[in-house]
Amino acid sequence: MFGIRALFYLVGIGLVIWILLRLTKAPRIREKPLKKVGSMVRCAHCGTYVPQNEALQVADKYYCCTAHRDKDQ
Ligand SMILES: [Zn+2]
């Protein structure tokens, strides 16, 4: 009977380690969807290509930063 009890302990410890590993890895997995890069757009001022989700859009134009957006206004 001791063998079964020891097995339960091992399974329990293994489960705790697995849960801890899952908890520590979870935030990294959640960050990955943000890596999904959409289409690149061109800054209307300097011509630098920036990801559309990071670009600043004014009407139908895109800008790489607020400085360029303000200069082009
Ligand atoms: Zn620019």
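Residues numbered from 1 in each chain as written. Predicted model: local features only at pLDDT ≥ 70, side-chain atom pairs only at ≥ 80, totals over all residues. Heavy atoms only, no water.

> Residue-level account of the overall build of the protein, with values.
If you tally the helices and strands in the protein, you get 2 helices and 4 strands. Order of helices (α) and strands (β) in the protein, N terminus to C terminus: α-β-β-β-β-α. For the protein, the proportion of its 73 residues judged to be buried stands at 12%. Here the contacts in the protein between residues at least 6 apart in sequence split such that 8% fall between residues at least 24 apart. Approximately 6,600 Å² of the protein is accessible, and the part contributed by carbon and sulfur atoms is 63%. (Helix = DSSP H or I, 4+ residues; strand = E, 2+ residues; numbered from the N terminus. Buried < 20%, exposed > 50% of the residue type's maximum accessible area, 1.4 Å probe, protein only. Contact = heavy atoms within 4.5 Å. Areas by Shrake-Rupley, 256 points an atom, 1.4 Å probe, with all protein chains shown as cover.)

> Tell me what's going on with unusual backbone geometry, and back it up with residues and numbers.
Located in the positive-phi region is A59, a residue other than glycine, with phi close to 55 degrees. Secondary-structure assignment places A59 in the loop between β3 (56-58) and β4 (61-63).

> Before we move on, can you summarise the coordination of the zinc ion with the specific residues and values?
Within the protein, the zinc ion binds to C43 (SG), C46 (SG), C64 (SG) and H68 (ND1); these donor distances fall in the range 1.9 to 2.4 Å. Seen from the zinc ion, its 4 donor atoms lie at angles of 96 to 128 degrees, and the figure they make is tetrahedral. Mapping the donors of the zinc ion onto the primary sequence yields the spacing C-x2-C-x17-C-x3-H. Here C43 is found in the loop between β1 (40-42) and β2 (49-51), whereas its partner H68 is found in helix α2 (residues 66-71), with 25 residues between them in sequence. Each member of the pair, C43 as well as H68, carries the same accessibility label: buried. (Donors = N, O, S within 2.8 Å, 3.2 Å for Na, K, Ca; no water. Tetrahedral: all angles 85-135°; square planar, octahedral: opposite > 155°, others 65-115°.)

> Would you mind going over the pattern of salt bridges in detail, with residue names and values included?
By the definition in use, this model includes 1 salt bridge. Between R69 and D70 there is a salt bridge, with the nearest N and O atoms lying 3.3 Å from each other. A residue is classified by how much of its surface remains accessible, and R69, at 26% relative accessible area, is partly exposed. A relative accessible area of 46% means that D70 is categorised as partly exposed. (Salt bridge = Lys/Arg side-chain N within 4 Å of Asp/Glu carboxyl O.)

> Help me get a handle on the side chain of H68, residues and values and all.
Exposure remark for H68: the relative accessible area of 16% places this residue in the buried category. When sequence neighbours within four positions are dropped, the list of residues in contact with H68 reads C43, H45, C46 and Y63.

> So what about the environment of D72? Which residues, and what values?
Inspection of the secondary structure puts D72 in the segment after α2. A sequence separation of 28 residues divides D72 from A44, and the C-alpha atoms of the two residues are 7.9 Å apart. Of the polar contacts made by the side chain of D72, one reaches the side chain of Y63; its length is 2.9 Å. (Polar contact = N/O pair within 3.5 Å; in protein donor to acceptor, adjacent residues only side chain to side chain.)

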